[in-house]
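Listed below, chain by chain, are the residues.
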Amino acid sequence: MSSGLVVALSGGVGGAKLALGLSRVLSADELLVVANTGDDFEHLGLSICPDIDTLTYVLAGLDNPVTGWGRRDETWSFMETITALGGEDWFRLGDRDLALHVERTKRLAAGHSLSQITGDVCRRLGVGPRVLPMSDDPVRTRVRSDDGWIDFQDYFVRQQCRPVVRQLAFTGVADARPQPEVMAALGGGRVRAVVICPSNPFISIEPILSVPGLRAAIENCGAPVVAVSPIVGGRAVKGPTAKMMQELGLAVSSATVAARYGDLLDGYVVDAAGSGDIKTKVHVAPTLMTTLEDREALARTVLTFAHSLT
Ligand code: FO1
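Below or above, wherever it landed, is the structure these notes cover. Owing to the predicted nature of the structure, the values given are computational and were not obtained by experimental measurement. The residue numbering used here restarts from 1 in each chain and proceeds along that chain's sequence as written. Whole-chain, interface and lining totals are the exception, using all residues; otherwise, since this is a predicted model, local features are given only for residues with pLDDT of at least 70 and side-chain atom pairs are given and counted only at 80 or more. Side-chain numbers here rest on the full set of heavy atoms in the structure, without hydrogens or water.

**Focus: the sheet that holds strand E5 (residues 130-133)**
(1) Moving on: Each pair of strands is called paired provided DSSP finds at least two bridges between the two strands. Helix and strand definitions here come from DSSP, where helices need a minimum of 4 consecutive H or I residues and strands a minimum of 2 consecutive E residues; each element is numbered from the N-terminal end. What the 7 strands build is an open sheet, ordered E5-E2-E1-E9-E10-E13-E14; its pairing is parallel. The sheet is open, and its two borders are formed by E5 and strand E14 (281-284), each paired with just one other strand. Along the sheet, successive strands turn relative to each other by an average axial angle of 25°, direction set aside.
(2) Moving on: When strand E10 (residues 225-228) meets strand E13 (residues 267-270), the two strands line up parallel, connected through 3 bridges. Considered in E13, the bridge of Ala 227 is made with Tyr 268. Orientation is described by lines fitted to C-alpha atoms, with helices fitted over the stretch in contact, and by angles between N-to-C directions that extend from 0 to 180 degrees.

This is the structure in structure tokens:
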């Protein structure tokens, strides 16, 4: 397969599985992962970046294999004490994970960029590929439910996705500058594929594509754009994707996701033939990633398919 850079767009848990697969079949300098930052929020005075951290931990082999987020081998003394003190304990912060939030908060306050901090953390945790935020400017996903607008983590974690989603907004995105290294990579003529990982299209991928300039840079990077559907067997693998689709009046199908990405896609990987009326070129392959081998196999499938589209 040809050399060149693979740029992967990813949210948290689901997308990180494919990002790991890609990191196993590519050399570190052949993979750039662009992370959604719309899920970021300030909590207990800390700046928390769930999708960046999930990608970092997964690529470092430090992720919690049960939850998919946070770290393995965690202890929970901090949370136990927060609870005992009557503090907010709905968002679980393990002791090791907490150190990252404390250090990032301090460095942000000292004027370091999210990209600089993320790059340093990845180096210290032994992550080979570059993991970069979609922007160093703040973007916050908000959900309008029947009780009004709520912050993303309040919807996703505190209220466990129970509120009905009527509308989504990415506050700050209009003023967010695309991350410069990502733009330089996309404009550098050395991209061999852009991979849209199987994250939730609405809350994880669309914020990335909404950062001014990023979508156009992807469209004009000269390489095929291939997405992997997050819908497997007609259902979302996990998370609120299917529920959101129903609440937004959309069919729960791979075709709906493809339609959301519109003419950005050159190729689309789905788990079953006949996944509805899909305009772009479709490749049918297993997309459920349970094992590490599944992750690597899907990564190879995506890259081979992308290569066939050049
Ligand atoms: N998700 C939960 O469902 N419950 C939690 O308590 C929780 C804590 C948490 C801590 C750090 C982190 O990086 C992620 C965490 N997540 C938790 C996941 C997070 O809310 C989601 O992964 C993303 O925001 C959506 O992909």
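**Considering the environment of Glu 247**
(1) Moving on: Following the sequence through the fold, Glu 247 ends up in helix H10 (residues 241-247).
(2) Moving on: C-alpha of Glu 247 to C-alpha of Arg 166: the two residues are 81 residues apart in sequence and 6.6 Å apart in space.

**Some remarks on the pattern of salt bridges**
(1) Moving on: Criterion for a salt bridge: a side-chain nitrogen of Lys or Arg within 4 Å of a carboxyl oxygen of Asp or Glu. Under the counting rule described, the total for this entry stands at 20 salt bridges.
(2) Moving on: With its nearest N and O atoms 2.7 Å apart, the salt bridge here joins Arg 104 to Asp 53. In this pair, Arg 104 sits in helix H4 (residues 95-109) while Asp 53 sits in helix H2 (residues 50-60), placing the two residues 51 residues apart along the sequence. The pair Arg 104 / Asp 53 is uniform in exposure class, with both members buried. Summary of the burial criterion: residues with accessible area below 20% of their type's maximum are buried, those above 50% are exposed, and those between are partly exposed, where the area comes from a 1.4 Å probe applied to protein chains only.

**Quick notes on the site of the ligand**
(1) Moving on: Any residue with a heavy atom positioned within 4 Å of a molecule or strand is treated as near that molecule or strand. Taken together, Asp 39, Pro 50, Asp 51, Trp 69, Trp 90, Phe 91, Arg 92, Asp 97, Phe 152, Gln 153, Phe 156 and Val 157 are the residues near the ligand.
(2) Moving on: Here a polar contact is recorded for every N or O atom pair within 3.5 Å, except that within protein the pair must consist of a potential hydrogen donor and a potential acceptor, and residues adjacent in sequence are included only if both atoms are side-chain atoms. Between an oxygen atom of the ligand and a side-chain N or O atom of Asp 51, the distance comes to 3.2 Å.
(3) Moving on: Between the ligand and Arg 92, the relevant distance is 2.9 Å, taken from an oxygen atom to a main-chain nitrogen or oxygen of the residue.
(4) Moving on: Reported accessibility uses the Shrake-Rupley method at a 1.4 Å probe radius. Residues are deemed covered only where the shown protein chains occlude them. For the ligand, the protein covers 90% of the area, taking 530 Å² as the surface of the free molecule.

**What to know about the sheet that holds strand E7 (residues 148-151)**
(1) Moving on: Judged by pairing direction, the sheet is antiparallel, and its 3 strands sit side by side in the order E7-E6-E8 without closing on themselves. This sheet does not close on itself; its edge strands, each paired only once, are E7 and strand E8 (167-171). The average angle at which neighbouring strand axes cross in this sheet is 30°, direction not considered.
(2) Moving on: Sheet topology places strand E6 (residues 140-145) next to E8; 5 bridges connect them, and they run antiparallel. Paired with Arg 140 across the strands is Thr 171, a residue of E8.
(3) Moving on: Contacting E6 and E8, helix H8 (residues 201-210) crosses the sheet at an angle of about 45° to E8. By definition, residues are in contact when any of their heavy atoms lie within 4.5 Å.

**So, the environment of Asp 63**
(1) Moving on: Looking at the secondary structure, you find Asp 63 in the loop between H2 and helix H3 (77-84).
(2) Moving on: In this structure Asp 63 comes out as buried when scored by relative accessible area, which is 15%.
(3) Moving on: Separated by 76 residues in sequence, Asp 63 and Val 139 have C-alpha atoms that sit 25 Å apart.
(4) Moving on: Those residues in contact with Asp 63, other than ones at most four positions away along the chain, are Tyr 57, Val 58, Gly 70, Arg 71 and Arg 72.

**What to know about empty space enclosed by the protein**
(1) Moving on: Only protein atoms enter the calculation, which uses a 1 Å grid: trapped sets of points that fit a 1.4 Å probe without letting it out are cavities, open sets showing protein on both sides within 12 Å along at least five of seven lines are pockets, and any residue with an atom within 4 Å of a point is a lining residue. Grid points are joined across faces, edges and corners, and a volume is the space filled by probe spheres set on the points. For the structure shown, the criterion picks out 1 cavity of 30 Å³ or more.
(2) Moving on: Put simply, the largest cavity is a space of about 30 Å³.
(3) Moving on: Around the largest cavity sit Ile 52, Asp 53, Thr 56, Leu 100, Arg 104, Ile 117, Thr 118 and Val 121, which together line it.
(4) Moving on: Going through the elements one at a time, H2, H4 and helix H5 (114-124) are the ones with two or more residues in the lining of the largest cavity.
(5) Moving on: Classes in brief: Ala, Val, Leu, Ile, Met, Phe, Trp, Tyr, Cys and Pro nonpolar; Asp, Glu, Lys and Arg charged; the others, Gly included, polar. Of the residues that constitute the lining of the largest cavity, the class distribution is 4 nonpolar, 2 polar and 2 charged.

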